[in-house]
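Survey of secondary and tertiary structure
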Amino acid sequence: MYDKSIPFEATIRWIKKDTRDTFTAALKINSREMQRAYRFIPGQFNMLYVPGIGEAPISISSSPLDHDLTHTIRVAGDVTTALSRLRAGDVIGMRGPFGSGWPLEETQDLDLLIVAGGLGIAPLRSVARHILSSPAPKRGEAHPRRMLLYGAKTPKDIIFRDEFPRYRDVFEVFLTVDRANPEEYWREETGLVTKLFDRLSIDPLCTMAFVCGPEVMMQTSVRELILRGMPEERIFVSLERNMNCGVGLCGHCFFGPKFVCKDGPVFRFSEIRGLMGIKEL
Ligand SMILES: Cc1cc2nc3c(=O)[nH]c(=O)nc-3n(C[C@H](O)[C@H](O)[C@H](O)COP(=O)(O)OP(=O)(O)OC[C@H]3O[C@@H](n4cnc5c(N)ncnc54)[C@H](O)[C@@H]3O)c2cc1C
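First, a word on what this report is: a plain description of the structure on this page. (Residues numbered from 1 in each chain as written. Predicted model: local features only at pLDDT ≥ 70, side-chain atom pairs only at ≥ 80, totals over all residues. Heavy atoms only, no water.)

Right, let's get into the sheet that holds strand β9 (residues 172–177). Strand order in this open sheet of seven strands is β10-β9-β8-β7-β11-β12-β15, and the pairing throughout is mixed. Edge strands, defined here as strands with exactly one partner in the open sheet, are β10 (189–190) and β15 (266–268). Looking at chain direction, strand β7 (residues 111–117) and strand β11 (residues 207–212) are connected through six bridges and run parallel. If you follow Ile114 over to β11, its bridge partner there is Phe210. On the sheet, helix α3 (residues 121–133) packs against β7, β8 (146–152) and β11 and is oriented at approximately 150 degrees with respect to β7. Sitting on the sheet, helix α5 (residues 215–227) touches β7, β11 and β12 (235–238), and the angle it makes with β11 is about 165 degrees. (Pairing = 2+ DSSP bridges. Helix = DSSP H or I, 4+ residues; strand = E, 2+ residues; numbered from the N terminus. Contact = heavy atoms within 4.5 Å. Axes fitted to C-alpha atoms, helices over the stretch in contact; angles between N-to-C directions.)

Bringing the environment of Ser31 into the picture now. In this fold, Ser31 is placed in the loop between β2 (22–29) and α1 (32–37). Sequence spacing of Ser31 and Lys17 is 14 residues, and the spatial spacing of their C-alpha atoms is 27 Å. Here Met34 takes part through its backbone nitrogen, which lies 2.9 Å from a polar atom of the side chain of Ser31. (Polar contact = N/O pair within 3.5 Å; in protein donor to acceptor, adjacent residues only side chain to side chain.)

Compared with an ideal rise of 1.5 Å per residue, which puts 13 residues at 18 Å, α3 spans 18 Å between its outermost C-alpha atoms and is within 8% of the ideal. By the criterion of burial, α3 is predominantly enclosed, with eleven of the 13 residues buried. Within the sequence span of α3, burial applies to Ile121, Ala122, Pro123, Leu124, Arg125, Ser126, Val127, Ala128, Arg129, Ile131 and Leu132. The secondary structure elements touched by the buried residues of α3 are β4 (54–59), β5 (69–74), β7, β8, α4 (164–167) and β11. (Expected span 1.5 Å × (residues − 1). Buried < 20%, exposed > 50% of the residue type's maximum accessible area, 1.4 Å probe, protein only.)

Moving on: the side chain of Ser100. Here Ser100 is to be found in the loop between β6 (91–98) and β7. For Ser100, a relative accessible area of 19% translates into the label buried. Of note is the side chain of Ser100, whose polar atom sits 2.8 Å from the backbone oxygen of Val266. Discounting chain neighbours no more than four positions away, the residues touching Ser100 are Gly43, Gln44, Lys262, Asp263, Gly264, Pro265 and Val266.

Mapped onto the elements of the fold, Gln108 is located in the loop between β6 and β7. For Gln108 and Phe259, which are 151 residues apart along the polypeptide, the C-alpha to C-alpha distance reads 28 Å. Ignoring sequence-local partners within four residues, the contact set of Gln108 consists of Pro144 and Arg146.

For the structure on display, the rule yields 15 salt bridges. Residue Asp21 pairs with Arg74 through a salt bridge whose shortest N-O separation is 3.6 Å. You can see Asp21 sitting in the loop between β1 (8–19) and β2 and its partner Arg74 sitting in strand β5, a full 53 residues away along the chain. Here Asp21 falls in the partly exposed class, since its relative accessible area comes to 22%. Arg74 gets classed as partly exposed once you look at its relative accessible area, which sits at 32%. When the shortest N-O distance is used, the salt bridge between Arg199 and Glu189 registers 3.0 Å. (Salt bridge = Lys/Arg side-chain N within 4 Å of Asp/Glu carboxyl O.)

Here it is in structure tokens:
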């Protein structure tokens, strides 16, 4: 095991602009030894460090089975702006992986409903790609449903738009946008992501939900799922809080009695029910 408080070097392999303010960067860990030691599960994040600027927690948006280790980043402040200016061949620091991941092993015999809003698709893309690259169930084995609901502000804000046709091989995919201009070619739903729940008939007792997006979107999604009879133990959300150390020492990301960096960012809703929605927590 290596020391996760010390960054190791990683080189940018490529950078792709996804939307006007979001881009995806593929990294290659420089040292062979670190390449062998580094293992992650979908839902975990890395601390990306730009020398002279600082570091920020960023979810891993690729699957452990992918060739590229990718992060999908929205330009927000100093670190993400500096990351957006990097080019292939530039070297940055990285620490991780950190945090809990999505409990994929619990979904084996259950239907899985993925609900993503905006940039919340990043850690869930890791799940979707992992499922796509995993062997399909054999005949006679359980063949659970895979459903993916994704909402963005406008059609131009949809991240990984070119990947959705492939997801449709395995997932029932439903997309929505808050608003679409008449001149934009948009034939899917318009409205909040929760509107998509009406398009699905789920069996609440045999379904597990993974939800990630802006906090208010997660709250309304969770409320809808509970109203539809889904047990709180089967609903998972991924939270974002300011953090520094990533290992539960500095206390920046305290969330009630829990650390988002160490106990999260993925939480079972039943464990944090009373804490979500409390301002400044
Ligand atoms: C577990 C986890 C996973 C994440 N995954 C991703 C991801 O995949 N992609 C991604 O783009 N982002 C992700 N984030 C969010 C990202 O880490 C933050 O946006 C980070 O702050 C960006 O760093 P920065 O230096 O660019 O911006 P900052 O300088 O930190 O600023 C970010 C924004 O927050 C505001 N802000 C900063 N500090 C404060 C403050 N004290 N009070 C009020 N507002 C403040 C700024 O004005 C700005 O709008 C994740 C965060 C967590 C905790």
